[in-house]
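Structure assessment
Listed here are the chains, written in short residue letters.
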Protein chains: 2
Amino acid sequence: MNELRFQDGNEEAAPPREDDEGLYGMTDTTVQEIAESLELGQEDPIREVVAELHTADLADLIEQLKSKHRTLLFEVAGDLIDPEVFSEIDESIRDDLVEDMDPTEIAAVVTELELDDAVHVLEDLEEEDQQDVLRELPAEDRLVIEQSLSYDEDSAGRLMQRDTIAVPEYWNIGQTIDYLRDTQDLPNEFYEIFVVDPRHHPVGTIPLDRAMRSQRTVNVRDIMNREQKLIPVDMDQEEVAYLFQQYRLASAAVVNESGALIGMITVDDIVDVINEEAEEDILRLGGVSEDDLFGSIMGTTRTRFTWLLVNLLTAVLASIAIGFFDATMEKIIALAVLMPIVASMGGNAGTQTLTVAVRALATRELTSNNMFRILGKEAIVAFLNGTAFAILIGLVAWIWFGDLSIGWVIAVAMVVNMLVAGVAGMAIPIALDHYKIDPAVASSVFVTTITDIIGFVAFLGIATLVLL
Amino acid sequence: MNELRFQDGNEEAAPPREDDEGLYGMTDTTVQEIAESLELGQEDPIREVVAELHTADLADLIEQLKSKHRTLLFEVAGDLIDPEVFSEIDESIRDDLVEDMDPTEIAAVVTELELDDAVHVLEDLEEEDQQDVLRELPAEDRLVIEQSLSYDEDSAGRLMQRDTIAVPEYWNIGQTIDYLRDTQDLPNEFYEIFVVDPRHHPVGTIPLDRAMRSQRTVNVRDIMNREQKLIPVDMDQEEVAYLFQQYRLASAAVVNESGALIGMITVDDIVDVINEEAEEDILRLGGVSEDDLFGSIMGTTRTRFTWLLVNLLTAVLASIAIGFFDATMEKIIALAVLMPIVASMGGNAGTQTLTVAVRALATRELTSNNMFRILGKEAIVAFLNGTAFAILIGLVAWIWFGDLSIGWVIAVAMVVNMLVAGVAGMAIPIALDHYKIDPAVASSVFVTTITDIIGFVAFLGIATLVLL
């Protein structure tokens, strides 16, 4: 009985509790069934499912379908698809869909959306197409959207809704409630009422729950929070997200340069920003510039190429370093066999440290106040693990090649390289961050280049000195 | 004028707008000043700052201080520190602080916290210490906390607050508002009113803004949303976070096995979960099991050791593979010099693909419906980039060693390894996910082992066949 209530539109028998995927909205089976129905041209079951799905699930369904089936779906059930779906769909797929539409159609979708979603759809269009769509919009919508587009991408201005509830300080709760009951043009959802002075500058805020608990005669002034976080319209969205997290905000007022209230941001938009920013860090650390799962083959090939090219250059550098020791390796071929181990361990130790550093910089736990302390700690950790692995690999090499001195050489090289890895893994992200370069993008290439080169040079260099 | 309003407790001249760090709460300078005052034993300026800081900022301050200074801070201004700080502080540091406190002191802190925060502090204690603290708590608090602790860590039961607003279906808005005005024991913050049947099963929900806009005579039944997401108390927090994101929820009802309302979860707790889960993926991909920035030296060394040990084993495996070709390398030492390039490029291409795959699995964009399509795309992308880099490195090797056949050998090995990297980078995370193994933890080691070994074997093997 309760199981059923979890489901939107999937009326089959409830799947077992263990299968989380099945409990909510769309299931993998739904997608398969829709794909089959599209193949067979059965319109009714498709229209039935589309009509019942939550927009977020419908967006997922569209993402999961093949490109051919997507087009078919819009032909068969386009009239049932809520325009809001366009704001939920993955960017690459949205671009594909929008490409097939003419400006009038896009404009029809855009007018149905909330401001931030409308802007989201429009901001990805080519400048020219954007203008074509804007021309098709009613004057009022166009003005508001153009205003929003005039703010920087990724700024508070793009995130905010323009509708807010603002009441003067001298009102009481009764007046406020009557105002809410009488006004039609209110934001879709809001969690607090802003109190403003005659210049429309925010002076306080009343959470809705507090307003509801108060008697009608209570003055707004007496129950409002005077401390509030005001978001400048040009603030970067990452900064806005930080504020929401740090101070556990449900919503916040956005102000213009002169400090007047011009909009508000709610926490549900921030959830998306947090996800985007975390995704950016994950992808950048992995050497990918954007989420290209749904990207075209050529687009994906091109964006990955750049990072691989950088890597090729660093790999060639490392090979040049190895080349200086070709005479040594010719004499003792065991060195060539063991050589990758030191570099690989350094690379991994460096990656561990830089991952912690990049994350700590993003969450502002690593600052100028504690960086030397933490750098010192990393050096000690690196030295301890370096020593442990030096002993391990030294023994392995000694037994493998029956030569104690090879064991000593690789052990010393291991300590050196892991120490360098630990220090570089922490210092490089800090330095990049200091110079306002995103440490998630660039740290990895710097650190692994260093650990590769130091790894090879330390091992082969010490071997040349000791063994020849 | 407006600038000042952004600040909590930092009364100096507002720093320039560009310096985001300065705009809010605590600055790096605040930390330095506090550290100096603690050094000098100046109590007044410390107490002044502590009294004015937001708890979240105070938690940051404590994190930033040296361990010695932390203890001093509690001695000098402990009475001004809101217990809530304990729920905001990094786990390792909290453990240190709590270790110095006796059960009565911890109990005093815990009683002041909201349920989810209290549980957060208690769940990290050793079983025995936990019992000691629980014994010191008032019976009522103890029962509620014990109940909460009985749910799995990372389950909805741990996240939820037990206080909710629930009204019967037959009430009207006027009765609801009067009830809110008359009841003292309400949750701290809430965004919706739950409507329940006589068995206390949720049947609908009214967002607060809608309640406020409605006339007193309107029936609850007529304006409630009948569709709502009910969260089973044992649902994993990652799943809960997914629901909140997918359906843009501000709060949701938590139900027990029989479907009765027993609590609610609000979006601010979900923001923390989203962060935790994203952090987990980032760290695991980097080979770190937890955020150890503030961890002890020995603890950090130990947790990093495991991953490095796995890496050592795979590196030795790769060396064994190389060892089979020592005769070939002895004859053509250029092979030893070039050997790391193919492996390194494969490793990076594999990491790119697996990063996209891990992320897409986490966001549920990669499913059984599209995995073959996407695997096919990755293979083509890998082949295209493999060919591009084969041509590049082939030319470089030819010119460098003046030997066209070495150029051919490395080019062919490059295409082979990058193709393997692309396919493995996508297939391995999918396979791990299928067998319920976290792809973020294990993918990287599998993929790089494969690309290392295939890289070395393809290059040296083809060389042995062609050049000898």
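Residues numbered from 1 in each chain as written. Chains lettered and ligands numbered in written order. Predicted model: local features only at pLDDT ≥ 70, side-chain atom pairs only at ≥ 80, totals over all residues. Heavy atoms only, no water.

We now examine the domain arrangement of chain A. Per the domain assignment, the segments making up chain A are domain 1 (2-153), domain 2 (166-268) and domain 3 (297-467). For domain 2 of chain A versus domain 3 of chain A, the distance between C-alpha centres works out to 52 Å. (Domains from an automatic or database assignment.)

Our next topic: the nonpolar core. Of all hydrophobic cores here, the largest spans 78 residues; its most connected members are M329(A), F459(A), M329(B) and F459(B). Among the elements that line this core, the one with the most residues is helix α21 (residues 333-362) of chain A, at 12 residues. Residues in contact with F459(B), not counting those within four places in the same chain, are L335(B), L338(B), M339(B), V342(B), V409(B), I410(B), A413(B) and I454(B). (Core = buried A, V, L, I, M, F, W, Y, C linked by side-chain atoms within 4.5 Å. Buried < 20%, exposed > 50% of the residue type's maximum accessible area, 1.4 Å probe, protein only. Helix = DSSP H or I, 4+ residues; strand = E, 2+ residues; numbered from the N terminus. Contact = heavy atoms within 4.5 Å.)

The next point concerns the packing of aromatic side chains. Enumeration according to the criterion identifies nine aromatic pairs over all chains in this entry. Pairing F305(A) with F389(B) gives two aromatic rings, centres 4.7 Å apart and planes at 25°, and the pair type is stacked. On the criterion of chain membership, the pair formed by F305(A) in helix α19 (residues 297-323) and F389(B) in helix α22 (residues 371-401) is interchain, its members lying in two chains. One Lys or Arg, R364(A), reaches over the ring of Y242(A) and ends 3.8 Å from the middle of that ring. Geometry around Y247(B) places K229(B) over its ring, the cationic atom sitting 4.1 Å from the centre. (Phe/Tyr/Trp six-rings, centres within 6.5 Å; stacked < 30°, edge-to-face > 60°. Lys NZ or Arg CZ within 6 Å of the ring centre and 35° of its normal.)

Let us now look at the UniProt feature "transmembrane region" (unreviewed entry) in chain A. According to UniProt, the positions carrying the feature "transmembrane region" (unreviewed entry) are residues 305-325, 331-358, 379-400, 406-432 and 444-467 of chain A. When the span residues 444-467 of chain A is considered, its composition is 100% helix and 0% strand, and the gap between its end C-alpha atoms is 33 Å. (UniProt positions renumbered as here; feature names shortened; annotations may be inferred.)

Here the focus is the relation of the copies chain B and chain A. With an axial shift of 0.0 Å and an RMSD of 0.1 Å, the rotation relating chain B to chain A amounts to 180°. The transformation relating the two chain copies, once decomposed into turn and shift, fits a two-fold axis. The residues that chain B uses at the interface reappear at the interface of chain A in 100% of cases, marking a shared surface. (Least-squares fit on C-alpha atoms with pLDDT ≥ 70 in both.)

Residue and element names in this part refer to chain A. Read across the open sheet, the three strands follow the order β4-β5-β6; overall the sheet is mixed. Strands at the two margins of the open sheet, each flanked by one partner only, are β4 (230-232) and β6 (261-266). Going from strand to strand, the sheet's axes swing by 40° on average, the running direction of each strand aside. Bridge analysis of β4 against strand β5 (residues 251-255) gives three bridges, and the strand direction is parallel. From the neighbouring strand, L230 faces β5, where its bridge partner is A253. (Pairing = 2+ DSSP bridges. Axes fitted to C-alpha atoms, helices over the stretch in contact; angles between N-to-C directions.)

This model, assessed by the stated rule, comprises seven cavities of 30 Å³ or more. Its volume calculated, the largest cavity comes out at about 1000 Å³. Along its surface, the largest cavity is lined by 45 residues, and T351(A), T448(A), N348(B), T351(B) and T448(B) are the ones closest to its centre. If you list the elements that add at least two residues to the lining of the largest cavity, you get α18 (267-285), α19, α21 and α24 (439-467) of chain A together with α18 (267-285), α19 (297-323), α21 (334-362) and α24 (439-467) of chain B. Along the lines of polarity and charge, the residues of the lining of the largest cavity split into 18 nonpolar, 25 polar and two charged. (1 Å grid on protein atoms, 1.4 Å probe; cavity = no way out; pocket = protein on both sides within 12 Å on 5 of 7 lines; lining within 4 Å. Points joined across faces, edges and corners; volume = space filled by probe spheres on them. Nonpolar A, V, L, I, M, F, W, Y, C, P; charged D, E, K, R; others polar.)

Running from amino to carboxyl end, helix α22 (residues 371-401) of chain A crosses α19(B) at an angle of 35°, the nearest separation of the two axes being 10 Å. Between α22(A) and α19(B) lies a crossing whose hand is right-handed. Seen from α22(A), the contacting residues are K377(A), E378(A), I380(A), V381(A), L384(A), N385(A), A388(A), F389(A), L392(A), I393(A) and W400(A); seen from α19(B), they are I297(B), M298(B), T300(B), T301(B), R304(B), F305(B), L308(B), L309(B), L312(B), V316(B), S319(B) and I320(B). Partitioning the contact of α22(A) with α19(B) into residue classes produces 16 nonpolar, four polar and three charged. (Left-handed = near helix turned anticlockwise from the far one by under 90°.)

A few words now on α18(B). All names here are of chain B. Taking 1.5 Å of rise per residue, 19 residues should cover 27 Å, and α18 covers 27 Å from first to last C-alpha, within 8% of that figure. Of all 19 residues that make up α18, 15 are buried, and the element is covered over most of its length. Positive backbone phi, approximately 80°, marks G287, located one or two places after α18. (Expected span 1.5 Å × (residues − 1).)

A separate point is the sheet that holds strand β3 (residues 202-207) of chain B. All names here are of chain B. With respect to topology, three strands assemble into an open sheet ordered β1-β2-β3, the strand pairing being mixed. Every interior strand has two partners, whereas the edge strands, β1 (166-168) and β3, have only one. Taken over all neighbouring pairs, the strand axes of this sheet differ in orientation by 35° on average, direction set aside. Summarising the sheet, β1 and strand β2 (residues 192-196) pair through three bridges and their orientation is parallel. Paired with P168 across the strands is V196, a residue of β2.

A full pass over the atoms with the stated rule returns 36 salt bridges over all chains. Residue E280(A) is joined to R284(A) by a salt bridge in which the shortest nitrogen-to-oxygen separation is 3.3 Å. Of this pair, E280(A) and R284(A) both sit in helix α18, four residues apart, roughly one helical turn. Note on E280(A): relative accessible area 27%, which makes it partly exposed. Residue R284(A) is classed as partly exposed on the basis of its relative accessible area of 24%. For R135(B), the salt bridge goes to D132(B), with nearest N and O atoms at 2.7 Å. (Salt bridge = Lys/Arg side-chain N within 4 Å of Asp/Glu carboxyl O.)

In this complex, chain B contributes 144 residues to the contact, which on the side of chain A involves 144 residues. Summed over both partners, the interface of chain B with chain A buries about 13000 Å², with 58% contributed by carbon and sulfur atoms. When the buried surface of chain B facing chain A is broken down by residue, R181(B), M212(B) and R248(B) rank first, second and third, together holding 7% of it. Seen at the junction of chain B and chain A, the total is 10 salt bridges. The shortest N-O distance in the salt bridge between D268(A) and R248(B) comes to 3.0 Å. (Buried area = accessible area lost by both parts, 1.4 Å probe.)

Attention now moves to unusual backbone geometry. Of note in the backbone geometry, D154(A) takes a positive phi value of approximately 65° without being a glycine. Within the secondary structure, D154(A) sits in the loop between α12 (139-150) and α13 (156-159). The backbone of H200(B) shows a phi angle near 70°, a positive value even though the residue is not glycine. If you trace the backbone, H200(B) turns up in the loop between β2 and β3.

This part covers the environment of E365(A). Inspection of the secondary structure puts E365(A) in the loop between α21 and α22. Classification of E365(A) by relative accessible area gives buried; the value is 13%. Non-local contacts of E365(A), meaning those with residues more than four positions away in its chain, are made with A360(A), N370(A), E63(B), Q64(B), D90(B), D291(B), L293(B) and F294(B).

Okay, a nonpolar patch on the surface next. A cluster of nonpolar side chains, I391(A), L395(A), W398(A), I399(A), L404(A), W408(A), V412(A), V416(A), I450(A) and I454(A), forms an exposed patch at the surface whose accessible area comes to about 920 Å². For V416(A), the position within the fold is in helix α23 (residues 404-434). (Patch = residues over 30% accessible without salt bridge, like charges linked within 9 Å, V, L, I, M, F, W, Y side chains within 5 Å. Areas by Shrake-Rupley, 256 points an atom, 1.4 Å probe, with all protein chains shown as cover.)

On to the UniProt feature "domain: CBS" (unreviewed entry) in chain A, then. UniProt's entry tags residues 224-280 of chain A with the feature "domain: CBS" (unreviewed entry), counted in the numbering of this structure. Annotated as 42% helix and 25% strand, the span residues 224-280 of chain A places its first and last C-alpha atoms 38 Å apart.

Before going further, it helps to spend a moment on the environment of H69(B). Residue and element names in this part refer to chain B. Relative to the elements of secondary structure, H69 occurs in helix α6 (residues 67-77). For H69, a relative accessible area of 4% corresponds to the buried category. The sequence separation of H69 and A35 amounts to 34 residues, and the corresponding C-alpha distance is 6.7 Å. Those residues in contact with H69 that lie beyond four places of it in its chain are A35, L38 and E39.

Residues and elements named next belong to chain B. Within β2, five of the five residues are buried, which leaves the element mostly enclosed by the surrounding structure. Alternating positions in β2 separate into two faces, E192, F194 and V196 on one and I193 and V195 on the other, with burial throughout. Considered for its hand, the β-α-β crossover made up of β1, helix α14 (residues 173-182) and β2 is right-handed. From the end of β2 to the start of β3, which pair antiparallel, there are five residues, and H200 there has a positive phi angle of about 70°. (Right-handed = clockwise from strand over helix to strand, strands pointing away.)

Attention now moves to the packing of α21(A) against α21(B). At a minimum axis distance of 10 Å, the contact between α21(A) and α21(B) shows a crossing angle of 20°. One way to sum up the angle between α21(A) and α21(B) is to call them roughly parallel. Considering only the axes of α21(A) and α21(B), their crossing is right-handed. In this structure, α21(A) contributes A336(A), M339(A) and P340(A) to the contact, and α21(B) contributes A336(B), M339(B) and P340(B). (Parallel < 35°, antiparallel > 145°, perpendicular 65-115°, else oblique.)

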